[in-house]
2 protein chains.
Amino acid sequence: MTQKQVQKTLKQLPVRERLIRCGVQLYSESGFQNTGIETVLRMAGVPRGSFYHYFKSKHQFGLVVIDSYAKYFSNHLLSILQDTSLTPLARLKQFVEVACQGMSRFDYKRGCLVGNLGQELAYLDDEFREKLEHVLRDWEKQTAVCIEQAQTCGELPSDQPSEQLAQIFWIGWEGAILRAKLMCSDKPMRMFSQWFFKM
Amino acid sequence: MTQKQVQKTLKQLPVRERLIRCGVQLYSESGFQNTGIETVLRMAGVPRGSFYHYFKSKHQFGLVVIDSYAKYFSNHLLSILQDTSLTPLARLKQFVEVACQGMSRFDYKRGCLVGNLGQELAYLDDEFREKLEHVLRDWEKQTAVCIEQAQTCGELPSDQPSEQLAQIFWIGWEGAILRAKLMCSDKPMRMFSQWFFKM
């Protein structure tokens, strides 16, 4: 989608949804503290009054943005990990492939909203910290199901519980996304996952 | 060291060194963009004029702070990885152990300056991005030497080049530090490294 098409799609959304969508994009790129409400309003083409009609504060808006991103990403993850046209291991590989394409599409600038805000906010705000941790736990649970299926059909070794493997995957994967931003390349994501899944 | 002792030690340092030391601490905790020069000056007990005597701008100060942290950490890493009283694998384990203790000592708030600034600045500034990537490459090189020694004496499998393994370790390790901050626990660091080194 071109920038013009994105703008057009944005304008067709209800105001609340439009603000959240802009929040996801801006926080993924520049972080929470560095993005003023003014920047969100400008991008969304919405007056300040409307913002406070929907959200009590920037803090509450931040929490809603995380929820929205978490829900979107969870659906995305499930759509790949439950695709029974592929074997379980092929689904995990497909998740990596799509993530690499996504990072490249945004010039390695966006990364993962949860990783970005975790790095920035874990120290500052317990409510954010706990929410972000909770989101990662959810993604891990979904990934564990697919890893277990791969173990059952012999595509991955069964010497470690799938929940533990899923947690280790997500620990390293967020590091790989961070490094991809630094290297402007999907190489770290491919290296880490190839090694993890012995692909 | 108590906070009072830290303050006393700080005051004994030359001004330039004092500013850098405060920069390392503040950027490790709150990031670069969220830490104004005023905050650094207040912590260092230094007037604004002195800052500009030593540094052209906040940007240049940031680059010097990264260099200083990189040098300190590189010495720290080498002192462990070249400790011949331990086997190569025991040295790698020792590095993990000391890192876990360090994270706990600062209540899981500081993390790695390079990981923090990478997350925050990769998108914004190519000079920072390239410097941070360069620092990680240095740490990887040092780690690769120890991994190779562990391979030579049969403590680690030799089926992958040590440089590649060191890179994968650092990709995941920065993710583990990030997650430790989110969980307020060293569990992610221990899980990732135990799995990586099959400890």
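Overview of the structure.

Turning next to the relation of the copies chain B and chain A. Between the two copies, chain B and chain A, the superposition gives an RMSD of 0.0 Å; the rotation angle is 180° and the shift along the axis is 0.0 Å. As the rotation angle and translation indicate, the two copies are arranged about a two-fold axis. The share of interface residues of chain B whose copies in chain A are also at the interface is 100%, consistent with both copies meeting through the same surface.

Moving on to the environment of Leu89 of chain A. Residue and element names in this part refer to chain A. Turning to its location among the elements, Leu89 is positioned in helix α6 (residues 88–105). Separated by 108 residues in the primary sequence, Leu89 and Phe197 have C-alpha atoms spaced 8.0 Å apart. Non-local contacts of Leu89, meaning those with residues more than four positions away in its chain, are made with Ala150, Glu155, Leu156 and Phe197.

The next thing to look at is the packing of aromatic side chains. Per the stated rule, a full pass over the model turns up 53 aromatic pairs over all chains. The interplanar angle of 80° and the centroid separation of 6.1 Å between the aromatic rings of Phe73 of chain B and Trp170 of chain B together place this pair among those described as edge-to-face. On the criterion of sequence distance, the pair formed by Phe73 of chain B in helix α5 (residues 58–81) and Trp170 of chain B in helix α9 (residues 162–183) is long-range, its members being 97 residues apart. Residues Phe73 of chain B and Trp170 of chain B agree in their burial class; the two are buried. A cation over an aromatic ring shows up here: Lys58 of chain A above the ring of Phe32 of chain A, its NZ or CZ 4.5 Å from the ring centre.

Moving on, we come to the interface of chain B and chain A. Counting from both sides, the interface comprises 41 residues of chain B and, opposite them, 41 residues of chain A. At the surface where chain B touches chain A, the tally comes to 12 residue pairs in polar contact (both at pLDDT 80 or more). Listing elements by their share of the side of chain B that touches chain A, those giving two or more residues are α2 (15–30), α7 (113–121), α8 (126–152), α9 and α10 (187–197) of chain B. Take the side of chain B that touches chain A: its biggest share by element is 15 residues, from α9 of chain B. Looking at the side of chain B that touches chain A, its residues break down into 18 nonpolar, 12 polar and 11 charged.

About the criteria used
- Position numbers for residues count from 1 along each chain, tracking the sequence in the order it is written.
- Here chains are named by letter from A upward and ligands by number from 1 upward, in the order in which they appear as written.
- Totals for whole chains, interfaces and linings use all residues, but because this is a predicted model, local features are given only for residues with pLDDT of at least 70 and pairs of side-chain atoms are given and counted only at 80 or more.
- Hydrogens are left out, water is left out, and the side-chain values use all remaining heavy atoms of the structure.
- Least squares is the method for superposing the copies, and the C-alpha atoms it fits come from residues with pLDDT of at least 70 in both.
- In what follows, a contact means two residues having at least one pair of non-hydrogen atoms within 4.5 Å.
- The helix count covers DSSP runs of H or I at least four residues long, the strand count covers runs of E at least two residues long, and both are numbered beginning at the N terminus.
- Each aromatic pair joins two rings of Phe, Tyr and Trp (for Trp, the six-membered one) with centres within 6.5 Å, and gets the label stacked for planes under 30 degrees apart, edge-to-face for over 60, and tilted for any other angle.
- Only protein chains enter the accessibility calculation, which uses a 1.4 Å probe; a residue whose area is less than 20% of its type maximum is buried, one above 50% is exposed, and one in between is partly exposed.
- We call a charge positioned above a ring when the Lys NZ or Arg CZ atom is no farther than 6 Å from the ring centre and deviates by at most 35 degrees from the ring normal.
- Pairing of N or O atoms within 3.5 Å defines a polar contact, subject to two protein rules: one partner must be a possible hydrogen donor and the other a possible acceptor, and residues neighboring in sequence count only if both atoms are side-chain atoms.
- Side-chain classes are defined by residue name, with Ala, Val, Leu, Ile, Met, Phe, Trp, Tyr, Cys and Pro counting as nonpolar, Asp, Glu, Lys and Arg as charged, and the others, Gly among them, as polar.

These results come straight from atomic positions and should not be treated as a statement about function.
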